Amino acid sequence: MSNYCKKILILGGTAEATALYDRVQTMANIEAIASFAGRTQQPVTPKDPAAFRIGGFGGVQGLIDYLKQQKIDILIDVTHPFAAQISDHAAIAANECGIKRLMVVRPAWEKVPGDNWVEVDSHSQATMVLSGLAERVFLTIGRQELSAYAELKDIWFLMRMIDPPQPNLPIPRGELLLQRGPFSVIDELSILREYQLGAIVSKNSGGDATYAKIVAARELKLPVVMVQRPPIPMGETVADIESAIAWLHQQ
Ligand code: NAP
């Protein structure tokens, strides 16, 4: 790498993004800034307050303006697999600015023997398959799409999320459980048993932090309504932080 210092924008909101930021900090000739949407009240950010920004860019044009103003050379999209809008914006903006872009996409979970998954493409499809599947359901999709399930009056939901839902939005019948992962199989088994839950709704987020519920469901022979991922934009993609670092060394 030459003496020229490359400026990198890391789009975050995941544990991997913060881990990548920490690794990149140790690399010579690289200046990095991490960006967070600001959805959670206490995001896990880099320790140095000068190293990150919080809040939307103001749409794709806002992101283009930011990339130009900050003279960003490389954009690394380490957002959550379900954060489709920001990934689309990143693809358009990087293309418009003529800068390199890498997506770090953790692999989706794969079904293994013993899993009883009902795979659906959307939350609205999930609501359609839930009726008749169980009367008490563990809803582990976060808080943003909760209202899609509010119409299901015959089902009682245990709804797990980091921060409480927005006021004024309809929420399903049931109870809130405010918790941040990672979760252990022992804890997940005890939640499923204690609340007598008969099914789980999950996004196929991938990764280790929230996989314990899938193991617990397998052990208890419970169905999992698994919402599949939205498509990602075309472009260079790696599966983990190590591969992202290797890609960066090549730039
Ligand atoms: P989204 O639908 O793809 O994005 C909505 C808007 O939020 C974007 O248009 C952008 O606003 C802003 N935004 C998203 N990520 C941003 C970032 N890293 N930095 C600055 N602005 C960002 O995303 P989402 O599903 O609401 O998720 C929001 C954030 O939470 C993401 O960063 C994601 O990594 C994280 N997250 C999401 C999930 C999930 O299940 N969706 C789970 C865990 C973590 P502007 O248009 O104003 O720029």
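Criteria and thresholds
- Residues numbered from 1 in each chain as written.
- Predicted model: local features only at pLDDT ≥ 70, side-chain atom pairs only at ≥ 80, totals over all residues.
- Heavy atoms only, no water.
- Helix = DSSP H or I, 4+ residues; strand = E, 2+ residues; numbered from the N terminus.
- Rg over C-alpha atoms; globule rule 2.2 N^0.38 Å.
- Buried < 20%, exposed > 50% of the residue type's maximum accessible area, 1.4 Å probe, protein only.
- Contact = heavy atoms within 4.5 Å.
- Areas by Shrake-Rupley, 256 points an atom, 1.4 Å probe, with all protein chains shown as cover.
- Pairing = 2+ DSSP bridges.
- Axes fitted to C-alpha atoms, helices over the stretch in contact; angles between N-to-C directions.
- Near = heavy atom within 4 Å.
- Polar contact = N/O pair within 3.5 Å; in protein donor to acceptor, adjacent residues only side chain to side chain.
- Parallel < 35°, antiparallel > 145°, perpendicular 65-115°, else oblique.
- Left-handed = near helix turned anticlockwise from the far one by under 90°.
- Nonpolar A, V, L, I, M, F, W, Y, C, P; charged D, E, K, R; others polar.

Counting its secondary structure elements, the protein contains seven helices and twelve strands. In summary, the protein has a C-alpha radius of gyration of 20 Å against a globular reference of 18 Å for 251 residues, a match within 12%. Projected onto its principal axes, the C-alpha positions of the protein cover 60 × 40 × 30 Å. For the protein, the proportion of its 251 residues judged to be buried stands at 46%. Taking as baseline every contact in the protein between residues at least 6 positions apart, the subset at least 24 positions apart corresponds to 65%. Carbon together with sulfur atoms contributes 51% to the accessible area of the protein, which is approximately 12,700 Å² in total.

This part covers the sheet that holds strand 8 (residues 156–161). Two orientations exist for strands paired in a sheet by backbone hydrogen bonds: parallel and antiparallel. A sheet is described by the order of its strands in space; here six strands give the open sequence 6-11-10-7-8-9, paired in parallel fashion. Single-partner strands in this sheet number two, and they are strand 6 (117–120) and strand 9 (174–178). Here the strands of the sheet are splayed against their neighbours by 20 degrees on average, with no regard to which way each runs. Of the strand pairs in this sheet, strand 7 (residues 136–140) and strand 10 (residues 199–203) are connected by four bridges, and their pairing is parallel.

A few words now on the site of the ligand. Among the 22 residues in the neighbourhood of the ligand, the closest are listed as Gly-12, Ser-35, Phe-57, Gln-85 and Lys-203. Between the ligand and the protein, one listed contact pairs a nitrogen atom with a side-chain N or O atom of Ser-35 at 2.7 Å. Here an oxygen atom of the ligand sits 3.0 Å away from a polar atom, N or O, in the side chain of Arg-39. Expressed as a share of its isolated accessible area of 810 Å², the protein-covered part of the ligand is 82%.

Before going further, it helps to spend a moment on the packing of helix 2 (residues 59–69) against helix 3 (residues 84–97). Helix 3 packs onto helix 2 with a crossing angle of 45 degrees between their chain directions and a minimal axis gap of 9 Å. When the interaxial angle is binned, helix 2 and helix 3 end up oblique. In this structure, the crossing between helix 2 and helix 3 has a hand that is right-handed. Where helix 2 abuts helix 3, its residues Gly-59, Val-60, Leu-63, Ile-64, Leu-67 and Lys-68 lie against His-89, Ala-90, Ile-92, Ala-93, Ala-94, Glu-96 and Cys-97. Residue classes in the contact of helix 2 with helix 3 are distributed as nine nonpolar, two polar and two charged.

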